[in-house]
Amino acid sequence: MPEIIFYNMEKSYGSPRMLGPFNLHLDDSDFTVLVGPSGCGKSTTLRILAGLETLPGGEITFDGKPISHLDPKARDIAMVFQDYALYPHMNIAKNMSFALRLQKVKSTEIDERVQRTADLLNIGHFLDREPAELSGGQRQRVAMGRAMVRDAGTFLFDEPLSNLDAKLRAKMRTELAEMRNTIDKNMVYFTHDQVEAVTLGDRTVVMANGVIQQQDTPEGLLKSPISKFVAGFIGSPTMNLLDGDLTDGGSTVMVAAKASNCPFPARWPPACAPITSGP
Ligand SMILES: Nc1ncnc2c1ncn2[C@@H]1O[C@H](COP(=O)(O)OP(=O)(O)OP(=O)(O)O)[C@@H](O)[C@H]1O
């Protein structure tokens, strides 16, 4: 569970710069959610952190040591992918134990770790089945179990719930929150889902156009968004944004009664009504 620091990370695919300058400090044992609209650079950040993509500018350190020159396997990172990436020809037990077998862990210890993790995720009775014989949610739990069983220092989640239906997503969110209480690791979760952004992590980092817009606790973001973009992006349902004027004597907000999500139309029958407040 290293402390992870991004220093001035930058990445371009030609011109202009696509990512950065990106500076971020992740405390050890934090659950951090990186959220942003499609194309803002989440996957690129994740791939650079995991070592699947080069880092042309800046540096990343784990516990103060630069890691950008290290191979993925030397970074002690376990990943959960959006499309699960299970090996179709291996049963669930073999899928979950694959990395441990590569590491030449003793078979009795492998069996014990796989069974313990599978029981935790409620998939202990599926260990003999192949991935094709499981539902989407069960496969997702196997993908998480395969990462958890490795006992890596850092866990990266790449939109792991986006292929699930709404009901299953809500259930898996609860399971993830429970999992967070049982493993004391550094977890970084990438998503474009506003609900996940404010329900899963200790801290949420909002990205847009390759740069960090704001980072705070979920409550901090909801209470004090730093910009109109963050206010409009965070939360579900989204916040109501009302145009207004701030003057020395207070503020005046114009409420448009026909706005689709306006909460006032019943109380302010006219099409547009001013609300005036003190300083
Ligand atoms: N190999 C590449 N070559 C050129 N451009 C790329 C490459 N990979 C990503 N990009 C561009 O970089 C930008 C960021 O991509 P990235 O995949 O990191 O976004 P994202 O936030 O993960 O989006 P999504 O939520 O849709 O997956 C996009 O505009 C994308 O088109």
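Residues numbered from 1 in each chain as written. Predicted model: local features only at pLDDT ≥ 70, side-chain atom pairs only at ≥ 80, totals over all residues.

Mapped onto the elements of the fold, isoleucine 77 is located in strand β6 (residues 77-80). Considered as a pair, isoleucine 77 and glutamate 109 are 32 residues apart in the sequence and their alpha carbons are 20 Å apart. Here isoleucine 77 is in contact with Ala50, Ala152, Thr154 and Leu156, once residues within four sequence places are set aside. (Helix = DSSP H or I, 4+ residues; strand = E, 2+ residues; numbered from the N terminus. Contact = placed C-beta atoms within 7 Å.)

With that settled, consider the site of the ligand. Near the ligand the following residues occur: Tyr13, Met18, Gly36, Ser38, Gly39, Cys40, Gly41, Lys42, Ser43, Thr44 and His192. Classifying every residue of the shell around the ligand by side-chain character gives three nonpolar, seven polar and one charged. (Near = placed C-beta within 6 Å. Nonpolar A, V, L, I, M, F, W, Y, C, P; charged D, E, K, R; others polar.)

In this model helix α5 (residues 166-182) runs 25 Å from its N-terminal to its C-terminal C-alpha over 17 residues, within 8% of the 24 Å that 1.5 Å per residue would give. The complete set of buried residues in α5 reads Met172, Leu176 and Met179. Projection of α5 onto a plane perpendicular to its axis shows the buried side chains occupying an angular sector of 60°, all on one side. Structural note: α5 exposes Ala166, Lys167, Thr174, Glu178 and Asn181 on the side pointing more than 90 degrees away from its buried face. Its buried side turned inward, α5 meets α4 (136-148). (Expected span 1.5 Å × (residues − 1). Buried ≥ 20, exposed ≤ 12 C-beta atoms within 10 Å, placed from the backbone. Arc of directions from axis to C-beta.)

Within a sheet, neighbouring strands are paired by backbone hydrogen bonds and run either parallel or antiparallel to one another. Judged by pairing direction, the sheet is mixed, and its six strands sit side by side in the order β6-β7-β8-β3-β9-β10 without closing on themselves. Each having just a single partner strand, β6 and β10 (211-216) make up the two edges of the open sheet. The average angle at which neighbouring strand axes cross in this sheet is 20°, direction not considered. For strand β3 (residues 31-35) and strand β8 (residues 186-191), the ladder comprises five bridges, and the chain directions are parallel. In the sheet register, valine 35 faces β8, and the bridge partner there is threonine 191. Sitting on the sheet, helix α1 (residues 42-50) touches β3, β6, β7 (154-158), β8 and β9 (203-208), and the angle it makes with β7 is about 150°. (Pairing = 2+ DSSP bridges. Axes fitted to C-alpha atoms, helices over the stretch in contact; angles between N-to-C directions.)

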